[in-house]
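Residue-level structure breakdown
Letter by letter, the chains look like this.
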Amino acid sequence: MVLYTSPFPNSFLSVLHSFSWGLIFPCYWLADRLVASFVPTTYEKRQRADDPCYFHALCIIITTPIYLALLVASLPFALIGFLLWSPLQSARRPYIYSRLEDKNHANGATLLTEWKAAGNGKSFCFGSANVCLLPDSLARFNNVFNTQARAKEIGRRIRNGASRPQIKIYIDSPTNTSISAASFSSLVSPQGGDNTNRTVNAGIKRTTSMEYKGDNSGSNNSEECREDKGVAGEPNEGEENTCIVRINGEDNGHMSDTETDAVNGQAHASGPAEPSLEGDAEISKTPNHKQKEGDSGSLDSYSASRESLVKVRVGDGTVDQSTVNNKLLYKASIMKKTSVRKKKHTDETFDHEISAFFPANLDFLCLQEVFDKRAAEKLKEQLHHYFEYIVYDVGVYSCHGCCSFKFVNSGLLFASRYPVMDAAYHCYPNGRGMDSLASKGALFLKVQVGSTPQDQRIVGYISCTHLQAIAGDTTVRCEQLDMLQDWLSEFRKSTSSSSTANPEELVAFDVICGDLNFDNCSSEDKLEQQHSLFTHYKDPCRIGPGEDKPWAIGTLLDPEGLYDEEVCTPDNLQKVLESEEGRKGYLVYPTSKNHSSSQKGRKASLKGNGRRIDYMLYTEEGLYLEWKVEVEEFSFITQLAGLTDHLPVAMRLMVSTGEDDP
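Residues numbered from 1 in each chain as written. Predicted model: local features only at pLDDT ≥ 70, side-chain atom pairs only at ≥ 80, totals over all residues. Heavy atoms only, no water.

Of all hydrophobic cores here, the largest spans 91 residues; its most connected members are Phe364, Phe414 and Phe509. The next biggest cluster of nonpolar side chains, apart from the first, holds 28 residues, and it includes Phe358, Leu383, Tyr386 and Ile637. (Core = buried A, V, L, I, M, F, W, Y, C linked by side-chain atoms within 4.5 Å. Buried < 20%, exposed > 50% of the residue type's maximum accessible area, 1.4 Å probe, protein only.)

Here we take up the UniProt feature "transmembrane region" (unreviewed entry) in the protein chain. Annotation from UniProt places "transmembrane region" (unreviewed entry) at residues 12–31 and 52–85. Here residues 12–31 runs as 100% helix and 0% strand, with 29 Å between its end C-alpha atoms. (UniProt positions renumbered as here; feature names shortened; annotations may be inferred. Helix = DSSP H or I, 4+ residues; strand = E, 2+ residues; numbered from the N terminus.)

Side chains Leu413 and Ala415 of strand β10 (residues 413–416) all project onto a buried face; the interleaved residues Phe414 and Ser416 project onto the opposite face, where all are buried too. In this structure, strand β8 (residues 364–370) lies alongside β10, joined through 4 bridges in antiparallel fashion. What sits directly across from cysteine 366, in β10, is phenylalanine 414. Of the pairings in the sheet, the one linking strand β9 (residues 389–392) to β10 comprises 3 bridges and is antiparallel in character. (Pairing = 2+ DSSP bridges.)

Following both chains from N to C, one finds helix α5 (residues 147–162) and helix α11 (residues 373–383) inclined at 20 degrees, their axes separated by 8 Å at the closest point. Accordingly, the angle class assigned to the pair α5 and α11 is roughly parallel. Read as a crossing pair, α5 and α11 show a hand that is right-handed. Judged by residue contacts, Thr147, Gln148, Ala151, Lys152, Ile154, Gly155, Arg156, Ile158 and Arg159 of α5 engage Arg374, Ala375, Lys378, Leu379, Gln382 and Leu383 from α11. Residue composition of the contact of α5 with α11, by class: 6 nonpolar, 4 polar and 5 charged. (Axes fitted to C-alpha atoms, helices over the stretch in contact; angles between N-to-C directions. Parallel < 35°, antiparallel > 145°, perpendicular 65-115°, else oblique. Left-handed = near helix turned anticlockwise from the far one by under 90°. Contact = heavy atoms within 4.5 Å. Nonpolar A, V, L, I, M, F, W, Y, C, P; charged D, E, K, R; others polar.)

With that settled, consider the sheet that holds strand β19 (residues 649–656). Paired through their backbone hydrogen bonds, the strands of a sheet run either parallel or antiparallel. With mixed pairing, 8 strands are arranged side by side in an open sheet as β1-β9-β10-β8-β2-β19-β18-β7. Edge positions in the sheet fall to β1 (96–99) and β7 (351–355), since each has one partner strand and no second. Between one strand axis and the next, the sheet turns by 15 degrees as a mean value, whatever way the strands run. Bridge count for strand β18 (residues 628–637) against β19 is 8 bridges, and the pairing is antiparallel.

A word on the pairing of strand β2 (residues 121–133). Counting buried positions along β2 gives 13 out of 13 residues, so the element sits mostly inside the fold. Burial of the side chains of β2 extends over both faces: Gly121, Ser123, Cys125, Gly127, Ala129, Val131 and Leu133 are buried on one face and Lys122, Phe124, Phe126, Ser128, Asn130 and Cys132 on the other. Inspection of the sheet shows β2 paired to β19 by 8 bridges, in the antiparallel sense. Within β19, the position partnered with lysine 122 by the bridge is valine 655. Two strands pair when backbone bridges link them, and β2 and β8 are joined in this way by 6 bridges, in the parallel orientation. Looking at β8, one finds that glycine 127 is bridged to leucine 365.

As structure tokens, this is what we get:
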């Protein structure tokens, strides 16, 4: 299958389309600015409350007649442009595939080595987020604004979070598990420095040894790295950009003052973090510009805070809980496999957390509501610093391809570190209300993640979708889920080049990501909760229809509280969502006739931990029979605090080949 790298089959149509859109754009922009001036966000309302002279009201009085006059003057040109633009959409391709040709531009990503299906297996990390990149006037109804600046900011945060080192702490001693706070200062590493790999272990002679495996711009070729792999346990294939800290348990896990100074010196000796060079003035317009340097949400801070960089794994016996440093466990937001949290969910087989960062070594990213085309270009430019392959501007326009007129595309965007082999898009034909104006649908992708020694391709399937949003349209969403399954089955059949007798491809995973616009706890969503999709695909957060796992939280934020000081930064939002009372104040909960629609400050006991409408599903059906797929980690992410009204989610899957099993 040929991947479309341009929206039209020839340059003449592309030029004609650009000309027609140039006639439409002034009218579109003026209408957008005119409406936006009358729809303030809560952040703007608070800013204007301190204005005794009502300066903003005066500006509206002056600019509104100007906008109206220019809008009327631009209408004839917009009409001519529309008459040219609409017929051209019949020749438009359903997506644009962008591949980064200049590898030096991807300074945030490590070089991937091809997986050869050897060893214990390989992990793949998937992320999904609804980023609400609508035209500014429409985005304001969700209490977010400045779409163009938000797009650039979102892209930067995602690539900064994904390109940080993946840190693992292994504790050898079953009794001495405390870690000196000073040791964490050595974990700071710039994300865009020299191309050589570093081993940061000076000054930690008796307490820790830490190895930084792979910089963001180079491959891992360190001799010391290969030596330490045997010490800290054999890692899985493809664990790039991983920082391993080994606690030997001597001296009770503490360092002397001399060692502490050496660690601090080592952390700062590698030089300052690479400063931000673009868009500072524009991004300062967003409400998050007041974050201090070093905040996890700050774009100029490449050093991650301790809150979400650390994972503790305890080995060699049972840990005496009385010796565990409780303050460290809280501050580091350690995943539930450790100590106290593990007691609550002893039957859970994988890590789960609320994280202030996107996962390190994020492999695949599925975004929804990237409707604005200019914002999509800005977002793509930022994501290309980390992801080499991007599929964007997905969907159809006008009356072509769907049964009703479409003003905007599907809003879907896919980014990958692995090459895309095939892609297909289908538009849901049953959209209703406002949703019928967008070409909401499903994007199906086939990626190659490696090859076997016998030259068999190792592939994976990823589906990204966004369902009907209007409350009460349960039958519409169920029909769309039916179509999603049918289209995915057809896509797999049409793109497969294997047979049972002679398999040319080995399927490693099949994942569905997206905003499904229903949760697993609302009584109004019972039909969707019982859909057959959940018999074929597994939801890591779900126990069964109508019941989520205790640690799962909602992904839909209360728009009215987006800019509250308690939640306006990633770290603050993370801390709030870790408490039940905080979730009640800032998450939207399942609808109930017994409760009012207002979410703020509600203290009543409610079912679940909020409306979880963003899903990550995987299946074990249709994969290579000799391999096993299981969830390794699941995260709810707060790094986009103040930029969207959804919480991103991430899932790391482990594909076990079993070749080394006895």
